[in-house]
Amino acid sequence: MQVPAAVLTHLKKSWDAHLAELQELVRIPSVSADPAYKADVARAAQWLMARLQRAGLENIKLVPTKGNPAVVADWLHAGPKAKTLLVYGHYDVQPAKKADGWKYEPFEARVADGRIWGRGTTDDKGQLYCHLLAAEAWLKTTGKLPVNLKFVFEGEEEIGSLNYGDVLTNTKGALKADLLIVSDSPMHGEGQPALTHTLRGLDYFQVDVTGPKSDLHSGTFGGILWNPNEALVHMLAQLKDPKTGRVLVPGFYDDVVPATKAERARLATVAESDAALKKQTGVDALWGETGWTSYERIGVRPTLEINGIYGGYTGEGAKTVIPAHAHAKVSCRLVADQDPKTIAKLVQKHLTSLAKPGTKVKVTVLSAGSGVRADPDHPLVKAVERALEATWGKKPVLIPEGGSIPPVADMQKRLGVVPILCGFGNRDENMHAPEESFRLSSFEKGREACARIYGELGA
Ligand SMILES: [Zn+2]
């Protein structure tokens with residue numbers, strides 16, 4: 001369905017008010033990582049509930065979790081044949097202090113140089129607000145929406161969505177939908193709309209190696225037993241092949257479905273060049289799994305990284321010690337075909353089998369989340385694609401995402417939705433860093449894109 005002109009006119013006419021409201025929302029420092037901001041997190045949730053009410057949404061509720069609540073709302077009068085769309089966003093933000101390198105106060109929400117500056121502007125308040133305003137525009141001008149619409153705004157995305165399962169359990173299936181849209185990601189450069197159809201899963205491990213009952217003098221006892229630091233280093237060295245970059249955990253690749261020729265050809269058309277990746281990382285040579293390009297290694301291949309190693313003496317000067325224990329943090333990025341539980345068992349088994357005599361190895365799984373692969377040719381995804389093309393005048397590109405958003409896989413599994421990531425941010429908008437911003441043009445067009453998405457899904 002074409003979006004009625006009145007809907008777009010309403011958005012244009014309301015621009016000043018919409019921008020002022022987004023500033024108001026950004027000024028609430030809803031930092032989820034720091035308990036000192038608990039009241040502000042609650043205030044942001046209340047602010048959204050009041051705004052959803054004014055927009056004409058119904059069944060507006062706080063869904064409790066063991067942590068911060070989620071805000072849900074819906075409008076379900078599009079008729080029995082209409083599609084149901086679930087929109088996910090998050091109202092919590094990363095911490096920010098001006099001293100970290102901000103030009104303006106991070107919660108001032110200053111408008112300057114064609115952007116709104118502040119923590120949470122692009123991640124994710126500005127993006128979720130596009131959806132809310134688009135729904136309001138339809139309801140205020142036509143009295144209805146062309147789709148059944150459900151909103152879920154999480155309050156703990158920035159601290160790993162650890163309690164998102166509670167949201168799904170406590171809503172008892174009320175979030176079921178045909179399509180899930182997540183607007184919490186970048187476009188493919190300014191003015192180039194993008195749909196992200198894959199996310200990688202994640203397994204995170206704590207590895208503890210223990211040896212002698214206490215730290216030992218390396219003169220008195222050196223040379224007669226396995227030093228836990230050395231045992232750990234030997235074990236970790238057998239996780240990845242230094243020649244091929246392949247993960248050496250037996251069975252690691254068993255379930256990986258290799259990217260097809262067609263997919264690889266398409267990836268090549270949107271890939272960042274090795275030169276660009278070298279510039280971004282500051283290294284003069286890239287390295288990874290043989291047989292795949294750098295962009296493919298991030299987008300469609302699994303990998304394993306050692307995130308931290310510690311043990312023994314690490315202070316000033318010299319201390320001749322054999323440590324009693326040594327530790328590492330290890331994680332795997334997984335593709336959608338890999339089950340994080342299965343992979344976690346394989347990694348645990350492999351590492352434990354590498355234990356050296358006289359040491360004990362404990363591998364604890366700290367977190368496990370599945371990857372996502374959506375069908376880019378699904379008719380509902382095609383509808384979203386048409387809406388983006390109509391808004392920006394350019395066909396959206398399909399891009400893979402190397403990162404992980406565990407709630408997306410959870411919703412895909414538990415609600416049976418087709419997931420697609422449709423973001424309005426940009427990579428230079430400093431998510432999670434000082435000087436976060438959101439282009440005013442993205443906010444303006446984002447609202448329009450959402451209004452068109454609802455229309456296209458109603459077709
Ligand atoms: Zn986010």
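Residues numbered from 1 in each chain as written. Predicted model: local features only at pLDDT ≥ 70, side-chain atom pairs only at ≥ 80, totals over all residues. Heavy atoms only, no water.

Here the focus is the packing of aromatic side chains. With the rule as written, the count across this model stands at 8 aromatic pairs. With a centroid separation of 5.8 Å and an interplanar angle of 80°, the aromatic rings of tyrosine 88 and tyrosine 164 are classed as edge-to-face. Taken together, the residues span a long stretch of sequence, with tyrosine 88 in strand S3 (residues 84–90) and tyrosine 164 in helix H5 (residues 164–170) at a distance of 76 residues. Consider the rings of phenylalanine 252 and tyrosine 253, whose centres lie 5.1 Å apart with planes at 80°: the pair is edge-to-face. For phenylalanine 252, a relative accessible area of 1% corresponds to the buried category. Overall, the relative accessible area of 13% leaves tyrosine 253 in the buried class. Here the aromatic cluster, defined as three or more aromatic residues joined through ring pairs, consists of Trp15, Phe438 and Phe443. The ring centre of tyrosine 253 lies 3.9 Å from the NZ or CZ of arginine 246, which sits over that ring. (Phe/Tyr/Trp six-rings, centres within 6.5 Å; stacked < 30°, edge-to-face > 60°. Helix = DSSP H or I, 4+ residues; strand = E, 2+ residues; numbered from the N terminus. Buried < 20%, exposed > 50% of the residue type's maximum accessible area, 1.4 Å probe, protein only. Lys NZ or Arg CZ within 6 Å of the ring centre and 35° of its normal.)

Position of glutamine 94 among the secondary structure elements: in the loop between S3 and strand S4 (110–112). Of the residues examined, glutamine 94 reaches a relative accessible area of 18% and is grouped as buried. Taking the C-alpha atoms as reference points, glutamine 94 and alanine 33, separated by 61 residues in sequence, lie 7.0 Å from one another. Within the structure, glutamine 94 has its side chain in polar contact with the side chain of glutamate 158 (distance 3.0 Å). (Polar contact = N/O pair within 3.5 Å; in protein donor to acceptor, adjacent residues only side chain to side chain.)

Here the structure, examined in full by the defined rule, presents 1 cavity of 30 Å³ or more. Considered as a void within the structure, the largest cavity measures approximately 100 Å³ in volume. Lining of the largest cavity is provided by 14 residues; of these, Thr198, Gly299, Val300, Val335 and Arg373 occupy positions nearest its centre. Looking at the lining of the largest cavity, the elements with two or more residues in it are strand S8 (194–199) and strand S15 (372–373). (1 Å grid on protein atoms, 1.4 Å probe; cavity = no way out; pocket = protein on both sides within 12 Å on 5 of 7 lines; lining within 4 Å. Points joined across faces, edges and corners; volume = space filled by probe spheres on them.)

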